[in-house]
Amino acid sequence: MFIIGELINGMYANIGSAIKERNKSEIQKCALEQVACGADALDVNCGPASRQPLVDMPWLVEAIQEVTDKPLCLDSSKPKVIEEGLKAARNKTIINSTTADPEKLEIIIPLAKQYHSKLIGITISAKGIPQNKDQRLELAATIVATCSEKEFSIEDLYLDPIVLPVNVAQAQMNDILESIHEFRIISDPAPKTIVGLSNVSQGAHVRSLINRTFLTMAVAYGLDSAILDPKDKELMDALITAELILNKNIYCDSYLEAYRKK
Ligand code: THG
């Protein structure tokens, strides 16, 4: 599982004020803690309250890459904000994200090619969030077809079925999980799959348990990557154990220690 740490997001109060006050060390601490807990990459999101994301994004990128070489997942719905992040980045990058909108794909795919970035495609369109599996598959197929047309490597594409909170979209959880499996058989070579895990428990009381149960199930459906809180130890232990059960890790009595990243 390719783990992307979610904690550098202006939505969190500590990060929101660190961005505003240009408190670099708070951001760097958050980056290093996530890497120490096993993050393979770091999501970078200025948050909804940022009034100058075009400046905040490259500032975050520069602060983070002073302390780590891990890939950065540039998280914004605005192509211009992503481009400012790409310009500042020396580390590998993942663009988070494009939707299935033709106008968006037209801008974002060339950016990903120009900067040799990987790309997350979320199955959302101008019509909004899909309501069932067929709509998710249709949007996924549009993203894959447009990437092929524009000669963007499908192996560098991560499809995101959009995880919704279980407390408002309980009837869709099954479709979301099945989409993870079906996205992988849209084309050969197969696109990869990703979810924003914490969405599933937003607004719920028992967040950590919901997160780790959903992740365990998604792993069984073949999930490749997740944006999650790597500091949640029980979540990480559940993930390592799920991969053990699926024979992706070799068993030994101390397997948790063995697979908990240095
Ligand atoms: N897909 C993709 N990218 C994404 C998402 C996705 N990026 C953003 C998000 N979803 C993933 N990251 C988070 C980060 C935090 C939370 C959820 C998802 C979260 N935050 C607390 C909340 O809202 O309750 C904030 C708590 C606090 O203020 O301390 O849950 O789906 N491609």
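Please read all numbers here as calculations on a predicted model, not as lab measurements.

By the definition in use, this model includes 12 salt bridges. Residues E66 and K24 are paired through a salt bridge, measuring 2.9 Å at the closest nitrogen-oxygen approach. Separated by 42 residues along the polypeptide, E66 in the loop between helix 3 (53-65) and strand 3 (72-75) and K24 in helix 2 (residues 24-36) bring together distant segments of the chain. The exposure class of K24 is partly exposed, given its relative accessible area of 33%. Close ionic contact of E182 with K133 constitutes a salt bridge, the shortest N to O distance being 3.1 Å. One end of the pair, E182, is in helix 7 (residues 173-183); the other, K133, is in helix 6 (residues 133-149), and 49 residues separate them in sequence. For E182, a relative accessible area of 24% translates into the label partly exposed. Bridged by salt links that share partners, the residues K133, E178 and E182 form one connected network.

As a further point, take the packing of aromatic side chains. Under the definition given, this model contains one aromatic pair. On the basis of an interplanar angle of 45° and a centroid distance of 5.8 Å, the ring pair of Y251 and Y255 is categorised as tilted. Classification of Y251 by relative accessible area gives exposed; the value is 52%. The exposure class assigned to Y255 is buried, which follows from its relative accessible area of 14%.

What follows deals with the pairing of strand 7 (residues 192-196). Counted residue by residue, strand 7 has four buried out of five residues, so it is predominantly covered. Across two bridges, strand 6 (residues 157-160) lies against strand 7 in parallel orientation. The partner of Y158 across the bridge, within strand 7, is K192. Note on the crossover from strand 6 through helix 7 to strand 7: the handedness is right-handed. Sheet topology places strand 7 next to strand 8 (residues 225-228); three bridges connect them, and they run parallel. Within the sheet, the bridge partner assigned to V195 lies in strand 8 and is A226.

About the criteria used
Residues numbered from 1 in each chain as written. Predicted model: local features only at pLDDT ≥ 70, side-chain atom pairs only at ≥ 80, totals over all residues. Heavy atoms only, no water. Salt bridge = Lys/Arg side-chain N within 4 Å of Asp/Glu carboxyl O. Helix = DSSP H or I, 4+ residues; strand = E, 2+ residues; numbered from the N terminus. Buried < 20%, exposed > 50% of the residue type's maximum accessible area, 1.4 Å probe, protein only. Phe/Tyr/Trp six-rings, centres within 6.5 Å; stacked < 30°, edge-to-face > 60°. Pairing = 2+ DSSP bridges. Right-handed = clockwise from strand over helix to strand, strands pointing away.

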